Amino acid sequence: MPVRNEAWPPGTPCWVDCQVDDPAKAGEFYSELFGWDVQGGGEESGGYLMALRDGEAVAGIGPKPETGVPSVWTTYFAVTDADACAGQVAAAGGRMLVPPFDVMEFGRMFVAADAAGAPFAVWEARAHNGAAVHNEHGGYVWNDLHTGEFEAAKTFYGDVFGFTFTEFGTDGMRYASFTPPGQRDSVGGINDDSANGHAPDRPYWLTWFQFDGIDGGLTRAAELGATVLMEAQDSPFGRMAILAAPQGELFGLLDPDTTD
């Protein structure tokens, strides 16, 4: 399985975690669906749980920062200097939701909203590099922004992270993948939801997890209490679906082995 044991390159989505009312219940759901081993949750970690596959970090599950906010998955971008990046976010028109702070000896982070209001986080790695498991069953494989302000989003993330973009378009779809400076491959994307007339009330980042045998995965997810929002369908990237977990957080499933 792909395992990373060093910090991710700057601008790369390097970690994902969800914030829910009941982390333990979420841990049970994702353990049953993905085969995760969920550990932690003590007072010293603020109730934060770490999900592992074969002993390697794959994602986090934590309590909501305040009651009444939606349950969400959050995408983290790798940076070398969280404080400097916070300044770039402000200069580009974003705003801090949680200013930079140290996470014990593991790293430094902040949570911000982009110029249109979509939340995201950054991670300056120290003892914790981010996800060690990726691009395999039960690990995250892609992250993309869903927004009604496509051009503004490209400008914002280009200014903050130095991304270059490759655009794709068909009838009713407009999409741009992004590549960090010094890299050759795209690491995520931006979806123009206004192109199909379904711009979200609140823009958001969507985490996609690889799932081998996606149709069976949807059946199992529904048995565990999830709601299927987009039934499995074929795409140039593989067979894909979107769900809401029992506590409401959205996530995607992708089976790249079904690519023609």
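Everything here concerns the structure above.
Bear in mind that the values here come from a model prediction, so they are computed numbers and not experimental data.

Quick look at the pairing of strand E16 (residues 250-255) now. Counting buried positions along E16 gives five out of six residues, so the element sits mostly inside the fold. Where strand E15 (residues 238-244) and E16 come together, six bridges link them in antiparallel fashion. Counterpart to Met240 in the pairing with E16 is Leu254. The loop that links E15 with its antiparallel partner E16 comprises five residues; one of these, Gly248, has a positive phi angle of about 105°.

Take the nonpolar core next. The biggest cluster of nonpolar side chains holds 41 residues, and the ones touching the most others in it are Tyr30, Phe34, Trp36, Trp73, Phe209, Phe251 and Leu253. When near neighbours in sequence (up to four residues on either side) are disregarded, Phe34 contacts Arg53, His137, Gly138, Phe209, Phe211, Phe251 and Leu253. Core analysis: the next-biggest nonpolar cluster, separate from the first, contains 25 residues, Val79, Ala86, Leu145 and Trp205 among them.

In this section: the packing of aromatic side chains. Working definition: an aromatic ring pair is given by the centre-to-centre distance plus the angle between the planes. In total, this model carries 30 aromatic pairs according to the counting rule given. When the centroid spacing of 5.0 Å and the interplanar angle of 40° are considered together, the rings of Phe34 and Phe209 count as tilted. You can see Phe34 sitting in helix H1 (residues 23-34) and its partner Phe209 sitting in strand E13 (residues 204-210), a full 175 residues away along the chain. This pair shows no difference in class: Phe34 is buried, exactly as Phe209 is. Taken together, a centroid distance of 6.2 Å and an interplanar angle of 70° make the contact between Phe209 and Phe251 edge-to-face. You can see Phe209 sitting in strand E13 and its partner Phe251 sitting in strand E16, a full 42 residues away along the chain. In this structure, Phe209 and Phe251 share a single accessibility class: buried. Put simply, the rings of Phe77, Phe120, Phe156, Tyr157, Phe161, Phe163, Phe165, Phe178 and Trp205 touch in pairs and so form one group of aromatic residues. Between the NZ or CZ atom of Lys154 and the centre of the ring of Phe165, over which it lies, the distance is 6.0 Å.

Conventions adopted
- Residues numbered from 1 in each chain as written.
- Predicted model: local features only at pLDDT ≥ 70, side-chain atom pairs only at ≥ 80, totals over all residues.
- Heavy atoms only, no water.
- Buried < 20%, exposed > 50% of the residue type's maximum accessible area, 1.4 Å probe, protein only.
- Helix = DSSP H or I, 4+ residues; strand = E, 2+ residues; numbered from the N terminus.
- Pairing = 2+ DSSP bridges.
- Core = buried A, V, L, I, M, F, W, Y, C linked by side-chain atoms within 4.5 Å.
- Contact = heavy atoms within 4.5 Å.
- Phe/Tyr/Trp six-rings, centres within 6.5 Å; stacked < 30°, edge-to-face > 60°.
- Lys NZ or Arg CZ within 6 Å of the ring centre and 35° of its normal.

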